[in-house]
Amino acid sequence: ADSGDPDVELPTARHPPEGLEQLLARTKFTKTELQSLYRGFKNECPSGLVDEETFTLIYSRFFPHGDASSYAHFLFDAFDADRNGALCFQDFAVGLSVLLRGTEQQKLRWTFDLYDVNKDGYVSKEVTLGDSGGWRGGDRRAGAASALCPPQDMLEIMKSIYAMMGQPAPGHSAPAQHVELFFQKMDRNGDGVVTFEEFLATCQE
């Protein structure tokens, strides 16, 4: 990388970050805040990239009494905007900016995307079947099947939150109850999936 570029005031890494001016435009951090964030990022990740294993180790430090590994997986996916399996500084800075300084709608969009595990634009509680894209709630057979099978995607997220907080979850009862409450509140048209519009409208009530 050419460290002589006057527009790049961040230190050079093996994976060079975007120029400071670009990150100032894309985030709501000040120049000083970005430089401080980058120093911390570079200290933890000298290569300029964070893989999921390293991210999980760092994140788990904040939850010493629980197991944060499962939730860290979902969080890593949410930060990994370009879906390349590694976080660079700009992924981290842009995601953090939304969470800390974003508008209510931006924060809700980020949260919705976290829950949208397979990134199909819906939060679904129903079982995903291989490459078929999963059942949709409008299918009566899907409804019957989901009554027999625990709602896997949302259930996995809820179980990961319980584990992270160090709270015992006997069987699947407590996380599953949270999933059912989520859908009772959010799934306004009862089709078995929650759209961002439904999620936004319910959260802003």
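Residues numbered from 1 in each chain as written. Predicted model: local features only at pLDDT ≥ 70, side-chain atom pairs only at ≥ 80, totals over all residues. Heavy atoms only, no water.

As annotated in an unreviewed UniProt entry, the protein carries the name CSEN protein and comes from Molothrus ater.

Student: Please clarify how the overall build of the protein should be interpreted in this entry.
Tutor: Regarding its fold elements, the protein presents 10 helices and four strands. When the helices and strands of the protein are listed from N to C terminus, the series reads α-α-β-α-α-β-α-α-β-α-α-α-β-α. Put simply, 55% of the contacts in the protein that link residues at least 6 apart link residues at least 24 apart. Surface accessibility of the protein: about 11400 Å² in total, with carbon and sulfur atoms responsible for 53%. (Helix = DSSP H or I, 4+ residues; strand = E, 2+ residues; numbered from the N terminus. Contact = heavy atoms within 4.5 Å. Areas by Shrake-Rupley, 256 points an atom, 1.4 Å probe, with all protein chains shown as cover.)

Student: Got a minute to help me understand the UniProt feature "domain: EF-hand" (unreviewed entry) in the protein in this structure?
Tutor: UniProt marks residues 67-102 and 174-205 with the feature "domain: EF-hand" (unreviewed entry), using the numbering shown here. For the annotated span residues 67-102, helix accounts for 67% and strand for 8% of the residues, and the straight-line distance between the end C-alpha atoms is 28 Å. (UniProt positions renumbered as here; feature names shortened; annotations may be inferred.)

Student: Where do I start with the packing of aromatic side chains in this structure?
Tutor: Given two aromatic rings, their pairing is described by the distance between the two centres and the angle made by the two planes. As enumerated under the stated definition, the model contains 16 aromatic pairs in all. Judged by centre distance (6.5 Å) and plane angle (45 degrees), the rings of Phe-89 and Phe-92 are tilted. Here Phe-89 and its partner Phe-92 are both found in helix α5 (residues 89-101), three residues apart, which amounts to about one turn of the helix. Among the residues examined, Phe-92 registers a relative accessible area of 23% and is labelled partly exposed. (Phe/Tyr/Trp six-rings, centres within 6.5 Å; stacked < 30°, edge-to-face > 60°. Buried < 20%, exposed > 50% of the residue type's maximum accessible area, 1.4 Å probe, protein only.)

Student: What should I look at first to understand unusual backbone geometry in this one?
Tutor: As a rule of thumb, non-glycine residues mostly have phi less than zero, and peptide bonds are mostly trans rather than cis. Look at Arg-83: it is not a glycine, yet its phi comes out positive at around 55 degrees. With respect to the secondary-structure elements, Arg-83 resides in the loop between α4 (69-79) and β2 (86-88). Arg-83 sits in the partly exposed class, given a relative accessible area of 44%. In this structure, Lys-119 takes a positive phi of about 60 degrees despite not being glycine. By the element assignment, Lys-119 lies in the loop between α6 (104-115) and β3 (123-124).

Student: Where do I start with the pattern of salt bridges in this structure?
Tutor: A pair can form between side chains of opposite charge whenever their charged atoms are brought close. Within this structure, the stated rule accounts for five salt bridges. In this structure, Glu-33 engages Arg-101 in a salt bridge whose closest nitrogen and oxygen atoms are separated by 2.8 Å. Pair noted here: Glu-33 is in helix α2 (residues 31-44) and Arg-101 is in helix α5, with a separation of 68 residues, a long-range link. Take Glu-33: its relative accessible area is 27%, and that puts it in the partly exposed class. Note that Lys-159 is salt-bridged to Glu-156, the shortest N-O span being 3.3 Å. With Lys-159 and Glu-156 both in helix α8 (residues 152-164) and three residues apart, this pair spans about one turn of that helix. On the basis of relative accessibility, which here comes to 27%, the residue Lys-159 falls in the partly exposed class. Its relative accessible area of 32% is what places Glu-156 among the partly exposed residues. (Salt bridge = Lys/Arg side-chain N within 4 Å of Asp/Glu carboxyl O.)

Student: Explanation requested: α5 in the structure shown.
Tutor: The terminal C-alpha atoms of α5, which comprises 13 residues, lie 17 Å apart, in line with the 18 Å expected from a rise of 1.5 Å per residue. Residues of α5 that are buried include every one of Phe-89, Gln-90, Asp-91, Ala-93, Gly-95, Leu-96, Ser-97 and Val-98, and no others. In this structure, the buried residues of α5 make contact with α1 (20-26), α2, α4, β2 and α6. (Expected span 1.5 Å × (residues − 1).)

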